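# Chains, contacts and geometry: an overview
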Amino acid sequence: FETYYPGRVSGGMRQRAAIARALAIEPDVLLMDEPFGALDAQNRRIMQNEVRRIWGETGRTIVFVTHSIEEAAAVGTTLVMLSARPARVRAEIRNDAQVDRRKLIDDLNTMIMEEVERQQGPGPLGG
């Protein structure tokens, strides 16, 4: 694909190229803000694995911003959950090989619901 213009390659290939450009300057920290939002599920999973691989090989700090709990659990080693505005750190959770990912996702969903209730008050059923 070296002769292809960017408009002729897939979103996954464009995303890989963007990550390669960012890593080429060897930054101490790589900020990725919703980098896979426009990708289909298959390419999203491939790119999540690629980010984990790059992190494992380089040891670089990657700040990965996402609104997807599943994506955070798949990619992150330390998850930081922010509250609604004004944003404050609500929780910092270690996500290593010992963590049960399903339970982690359930716990994060519970924290989100608690934050929503805190912001909006109890729902119509009094919950």
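Residues numbered from 1 in each chain as written. Predicted model: local features only at pLDDT ≥ 70, side-chain atom pairs only at ≥ 80, totals over all residues. Heavy atoms only, no water.

### Some thoughts on helix α2 (residues 41–58)
Owing to its 3.6 residues per turn, the α-helix aligns residues three or four sequence positions apart on the same side. Inclusion rule: Helix and strand labels come from DSSP, where a helix needs a run of H or I of at least four residues and a strand needs a run of E of at least two; each type is numbered from the N terminus. To estimate how far a helix should extend, the number of its residues minus one is multiplied by 1.5 Å. Each residue gets one of three labels from its accessible area relative to the maximum for its type: buried under 20%, exposed over 50%, partly exposed in between, using a 1.4 Å probe on protein chains only. It is the directions from the helix axis to the C-beta atoms whose arc is reported. Any two residues having at least one pair of non-hydrogen atoms within 4.5 Å are treated as being in contact. Any pair of nitrogen or oxygen atoms within 3.5 Å is treated as a polar contact; in protein, a donor-acceptor pairing is required on top of that, and neighbouring residues in sequence qualify only through side-chain atoms on both sides.
A rise of 1.5 Å per residue sets the reference length of α2, with its 18 residues, at 26 Å; its end C-alpha atoms lie 26 Å apart and thus fit the reference within 8%. When α2 is considered as a whole, its buried residues turn out to be N43, M47, Q48, V51 and I54. Projection of α2 onto a plane perpendicular to its axis shows the buried side chains occupying an angular sector of 140 degrees, all on one side. Opposite its buried face, α2 presents the exposed residues A41, Q42, G56 and E57, each directed more than 90 degrees away. In this structure, the buried residues of α2 make contact with α1 (11–24), β1 (29–33), β2 (61–65) and α3 (69–75). Looking at where α2 begins, the residue whose side-chain oxygen comes 3.0 Å from the main-chain nitrogen of Q42 is D40.

### A word on the packing of aromatic side chains
Applicable threshold: When two rings of Phe, Tyr or Trp (its six-membered ring) have centres within 6.5 Å they constitute a pair, described as stacked for plane angles under 30 degrees, edge-to-face for angles over 60, and tilted for the intermediate range.
Counted according to the given criterion, the structure contains one aromatic pair. With centroids separated by 5.5 Å and ring planes inclined at 55 degrees, the aromatic side chains of F36 and F64 adopt a geometry described as tilted. Of the two residues, F36 sits in the loop between β1 and α2 while F64 sits in strand β2, which places them 28 residues apart along the sequence.

### A word on the environment of K103
Mapped onto the fold, K103 is located in helix α4 (residues 101–120). K103 sits 57 residues away from I46 along the chain, and the two C-alpha atoms are 23 Å apart.

### Some thoughts on the pairing of strand β4 (residues 89–94)
Both faces of the sheet carry side chains from a regular strand, because those side chains alternate between them. The criterion, for reference: A pair of strands is treated as paired once DSSP finds two or more bridges between them.
Alignment of strand β3 (residues 78–82) against β4, held across five bridges, turns out to be antiparallel. When the bridges of β4 are listed, M81 appears paired with A91. Counting the residues that bridge the hairpin from β3 to β4 gives six residues.

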